[in-house]
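Structural overview
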Amino acid sequence: MMILLFTQAPVSAQGISGDVIKIGIMNDQNGPYADNCGLGSVAAAKLAVADFGGAVNGKKIELVIADDQNKPDVGVAIALRWVDNEGVDAIVGCSASSIALAVQEIMKNRKKPYMLAGTAGSFFTNDKCSPMTTQWVVDTYAQPKATVKALLAQGIDSWFFLTVDYAFGKAWQADATKFIEAGGGKVVGSVLHPLNSSDLSSFLLTAQASGAKAIALANSGADFANAIKQAQEFGLTKTQLLVPLGLMISQTHGIGLKDLQNVRLTTPFYWDMTPESRAFAKRYAEATNGQLLNEGKAATYSAITHYLKAVAAAGSDDGDAVMRRMKSTPVDDFEMKNVSIRADGQVMRPLYVARIKAPAESKYTYDYYEITGTIAPEDAWRPASESACDLLKSQ
């Protein structure tokens with residue numbers, strides 16, 4: 001575990017427990033999802049703290065970092081130690097959904113803000129919503145909704161799922177299945193594969209034999225990369241369409257444009273969209289020896305910045321007070337403008353439709369996407385009328 005301390009000349013402040021604002025950064029730092037967030041998210045967090053001047057109302061900001069190792073028991077132990085013994089006020093998580101569900105319960109009971117900057121289960125803002133949790137990137141409802149709708153319109157009406165065997169993958173498949181069936185399509189089969197599988201050949205051959213027009217990849221990280229590469233080796237892409245239901249640009253970089261060219265996807269953020277996003281991506285690259293700024297790392301910056309603004313406005317790190325400020329104040333930073341946070345914790349940001357460029361189209365470093373459309377928040381996220389979240393019903 002690392003501790004990073006940022007200071008500035010102290011001035012008086014009220015309501016800050018322990019005279020320090022302490023934020024935990026928890027994610028997979030060495031396993032299959034390390035590229036999604038990992039130490040790159042720590043770098044983004046450091047930039048957020050530095051941009052805030054290192055303190056809130058004169059009280060120091062401290063970052064505490066831990067690797068959850070993709071193990072729920074490890075993540076739970078870290079969260080309990082942080083909030084019960086080490087005075088951590090909030091956690092930014094990019095953990096597997098199985099870990100995040102357990103950590104969310106701890107944060108709810110202790111009334112501590114929990115910001116998801118890469119965890120994608122849609123249940124966090126649906127039946128398992130918490131007044132302490134906010135969802136900053138995408139979820140297993142919004143991302144497949146746009147992808148499925150677009151492909152059904154092109155006649156891609158039979159689907160097979162290759163799904164990672166834990167809560168995240170199963171939620172992704174369940175949400176996508178609803179959109180497929182509602183649009184007149186059919187799911188002809190599915191297989192579950194273990195997390196962090198190096199050999200997916202038997203699963204891919206089952207998918208190939210199904211004859212489905214689309215093979216939906218309900219996984220992420222190293223599992224997704226292995227699926228793409230091995231599917232190419234088996235020639236699946238000659239007769240069937242590989243459909244990533246969730247794809248971060250860091251995965252695009254790792255796999256390469258040759259294997260991913262012309263793939264369509266939905267994304268909440270692309271570094272090369274605006275002068276502000278390009279400027280921040282340049283700063284981030286300079287701080288990380290040239291790393292690509294992806295969706296989860298950008299969201300980590302946004303979540304911490306918005307949290308710190310709320311602490312400053314509330315004059316306190318009390319969880320209830322901070323959450324009220326976070327939800328009543330629009331998010332405004334280099335990647336989001338005037339974006340509200342709904343009562344269920346959903347950050348109501350727009351999504352973008354993108355096409356992955358062919359190698360010959362890419363003209364400079366990380367020039368990977370062509371943005372072809374924008375999806376308004378009200379069309380992207382689960383409508384309040386369909387939600388099982390009591391926080392929305394009580395409004």
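Everything numeric in this text was worked out from a predicted model, so none of it was measured. (Residues numbered from 1 in each chain as written. Predicted model: local features only at pLDDT ≥ 70, side-chain atom pairs only at ≥ 80, totals over all residues. Heavy atoms only, no water.)

Examining the state of the cysteines
- Under the definition given, this model contains two disulfides.
- Residue pairing for Cys37: its cysteine sulfur links by disulfide to Cys94, the two sulfurs lying 2.0 Å apart. Taking the torsion about the sulfur-sulfur bond, which here is approximately 70 degrees, the covalent link between Cys37 and Cys94 counts as right-handed. On the criterion of sequence distance, the pair formed by Cys37 in the loop between strand S2 (20-27) and helix H1 (38-51) and Cys94 in strand S5 (residues 90-94) is long-range, its members being 57 residues apart.
- On the basis of relative accessible area, Cys37 is assigned to the buried category, the value being 1%.
- Take Cys94: its relative accessible area is 10%, and that puts it in the buried class.
- Disulfide pairing is shown between Cys129 and Cys389; the S-S distance is 2.1 Å. Where Cys129 bonds to Cys389 through sulfur, the torsion about that S-S bond is close to 95 degrees, and the disulfide is right-handed. With Cys129 in the loop between strand S6 (114-116) and strand S7 (133-135) and Cys389 in the loop between helix H13 (377-380) and helix H14 (390-393), this pair connects stretches of sequence that are 260 residues apart. We note that Cys129, like Cys389, is buried.
- Cysteine pairing for the protein chain, with bonded cysteines counted in sequence order: 1-2, 3-4. (Disulfide = S-S within 2.5 Å. Helix = DSSP H or I, 4+ residues; strand = E, 2+ residues; numbered from the N terminus. Buried < 20%, exposed > 50% of the residue type's maximum accessible area, 1.4 Å probe, protein only.)

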